[in-house]
Amino acid sequence: MGDMTTFNIDNGYFEGIVRGYRSGILKRNDYHNLVECETLDDLKLHLQGTDYGPLLANDPSPLIVQTIDERLKERLVHEFTHIRNQCLQPLAQFLDYMTYGYMIDNIILLITGTLRNRPIAELLPRCHPLGQFEELATISIAQSPAELFNAVMVDTPLAPFFSECVQDENDLDEMNIEILRNKLYKAYLEDFYKFCEKLGGTTADVMCPILAFEADRRAITITINSFRTDLLKDDIENLYPTCGKLYPEGLKFLKNAEDREEVRRICEKFGAYKELYNGVGDGPNDKTLEDKFFEEEVKLLALAFEQQFHFGVFYAFVKLKEQENRNIVWIAECIAQKNKNKVENYIPIF
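The present account deals with the structure reproduced in this document. Because the structure is predicted, anything quoted here is derived from the model rather than measured.

Scoring rules and cut-offs
Each residue is numbered by its place in its chain's sequence as written, counting from 1. Since the coordinates come from a predicted model, pLDDT governs what is reported: local features require at least 70, and pairs of side-chain atoms require 80 or more to be given and counted, while whole-chain, interface and lining totals use all residues. Neither water nor hydrogens contribute to the side-chain values; these are computed over all heavy atoms in the structure. Going along the chain from the N terminus, every DSSP run of H or I of four or more residues is numbered as a helix, and every run of E of two or more is numbered as a strand. Buried, partly exposed and exposed residues are distinguished by accessible area as a fraction of the type maximum, computed with a 1.4 Å probe on protein chains only: under 20%, between the cut-offs, and over 50%, respectively. A contact between two residues is defined here by any heavy atoms of the two lying within 4.5 Å. Using the Shrake-Rupley algorithm and a 1.4 Å probe, accessible areas are obtained, with residue cover drawn only from the displayed protein chains. Residues counted as positive are Lys and Arg, residues counted as negative are Asp and Glu, and His and the chain ends are not counted. Positions of charges follow a simple convention, taking NZ of Lys, CZ of Arg, CG of Asp or CD of Glu. Here a pair means two rings of Phe, Tyr or Trp (six-membered ring of Trp) with centres within 6.5 Å. Their orientation is stacked below 30 degrees between planes, edge-to-face above 60, and tilted elsewhere. In this analysis the charged atom, NZ for Lys or CZ for Arg, is taken to sit over a ring once it is within 6 Å of the ring centre and within 35 degrees of the ring normal. Grouping buried Ala, Val, Leu, Ile, Met, Phe, Trp, Tyr and Cys residues that are joined through side-chain atoms within 4.5 Å yields what is termed a nonpolar core. Two cysteine sulfur atoms form a disulfide, by the criterion used here, when they sit within 2.5 Å.

### Considering the overall build of the chain
Next, step 1: Each helix and strand counted, the chain has 17 helices and zero strands in total.
Next, step 2: Across its three principal axes, the chain shows a C-alpha extent of roughly 50 × 50 × 45 Å.
Next, step 3: The 350 residues of the chain split such that 50% are buried.
Next, step 4: Partitioning the intrachain contacts of the chain with sequence separation of at least 6 by distance along the chain shows that 63% fall at a separation of at least 24.
Next, step 5: Surface accessibility of the chain: about 17,400 Å² in total, with carbon and sulfur atoms responsible for 48%.
Next, step 6: A gap of 4 Å separates the mean positions of the 38 positive and 57 negative side-chain charges of the chain.

Next up, the structure:
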């Protein structure tokens, strides 16, 4: 990838662009203005005074939350593709890796839909735009799970992950869909982690802890979701990504956990997650575990911008903008439902 003396030759322009994008992320004062809005048109007006500018200018009143969500995604995709379409290797491959997670979710959505006999043309608009790829047109003509499986195995960037995770289209039934999703994410995260290690330098220093956190988040979530299922302990362990800080001892503890309290005790044994459960509970002022994960992720991502000459800023920007989009949509939902008791329950970024 080159060190700081050569990084800017191929990548300095794009790092400058993404740092410019980062400066437009909403600040606390912006959120204070948004939560004070009484209608979605008020929210639209306040967004016009931020970096979003005329994002919603062409959408007539009355606005709906779905429209806001779609415009936010379109904006993020435009900014991402602007960089992806111009950059050189290995940054191009790094950005492609960033899209694979969305591709996995899209493919799983399509497989689930075909199992329920829903036409793929009806499902395609629900796919995440960052997970679109050229071969999706080929996949869209599949009429059965078997045809979809064969198309994925041949015509998509996910083919290596699929070949590693599933060998027979007969494995594709509803009971195994979530298992397949987790196997694909495991293979994807481990491969992305190795790619960042190979890039080395500051990119590895920044990205490996971020991907390790994502791996551990998935391991903890898989464990909690496995309670009251028929999954064997070894089968659960096989779904855990092995590039996190919990590997190997923590994962062995997790696979044998019997309830949420045991998961909490296991996390508290590891310094990185000792305070993860602080404030988590079922009370009206408590946070969910998912919220705590988002908060910790935001802290890690924000740190990526403290260093220069690395690819981590591209990953951090996209993930932070996704969190910002979730924040705006959450506030918009509260306004639309005229229920502002929890409108402050967003995750501040900067």
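### Regarding the packing of aromatic side chains
Next, step 1: For the structure on display, the rule yields 19 aromatic pairs.
Next, step 2: Plain terms: the ring middles of tyrosine 31 and tyrosine 346 are 4.7 Å apart, the flat faces sit at 20° to each other, and that makes the pair stacked. One end of the pair, tyrosine 31, is in helix H3 (residues 28-35); the other, tyrosine 346, is in the segment after helix H17 (312-336), with 315 residues separating them in the sequence. Like tyrosine 31, the residue tyrosine 346 is buried in the burial classification.
Next, step 3: The ring of tyrosine 185 has arginine 218 lying over it, and the distance from NZ or CZ to the ring centre is 3.9 Å.
Next, step 4: Across the ring face of phenylalanine 294, the terminal group of arginine 326 is positioned such that the distance to the ring centre comes to 4.2 Å.

### Quick notes on the nonpolar core
Next, step 1: Of all hydrophobic cores here, the largest spans 89 residues; its most connected members are Leu43, Phe94, Phe192 and Phe314.
Next, step 2: Residues within four places of phenylalanine 94 in sequence aside, it is in contact with Phe192, Phe195, Cys196, Leu199, Met207, Phe311, Phe314 and Tyr315.
Next, step 3: Grouped together as the second largest cluster of nonpolar side chains are 23 residues, Phe213, Ala219, Tyr277 and Leu289 included.

### Looking at the side chain of asparagine 182
Next, step 1: Here asparagine 182 lies in helix H11 (residues 174-199).
Next, step 2: According to the relative accessible area criterion, asparagine 182 is buried, its value standing at 12%.
Next, step 3: Here asparagine 182 is in contact with Arg218, Ile222 and Leu239, once residues within four sequence places are set aside.

### Details of the environment of alanine 187
Next, step 1: With respect to the helices and strands, alanine 187 occurs in helix H11.
Next, step 2: The exposure class assigned to alanine 187 is buried, which follows from its relative accessible area of 6%.
Next, step 3: Once residues within four sequence positions are removed from consideration, alanine 187 is found in contact with Phe161, Glu164 and Cys165.

### Focus on the state of the cysteines
Next, step 1: Tallied over the full model, the rule gives zero disulfides.
Next, step 2: Looking at the unpaired cysteine 87, the closest cysteine sulfur is the one in cysteine 196, lying at 14 Å.
Next, step 3: The structure places no disulfide on cysteine 196, whose sulfur is separated from the nearest cysteine sulfur, that of cysteine 208, by 5.8 Å.
Next, step 4: According to the relative accessible area criterion, cysteine 196 is buried, its value standing at 0%.

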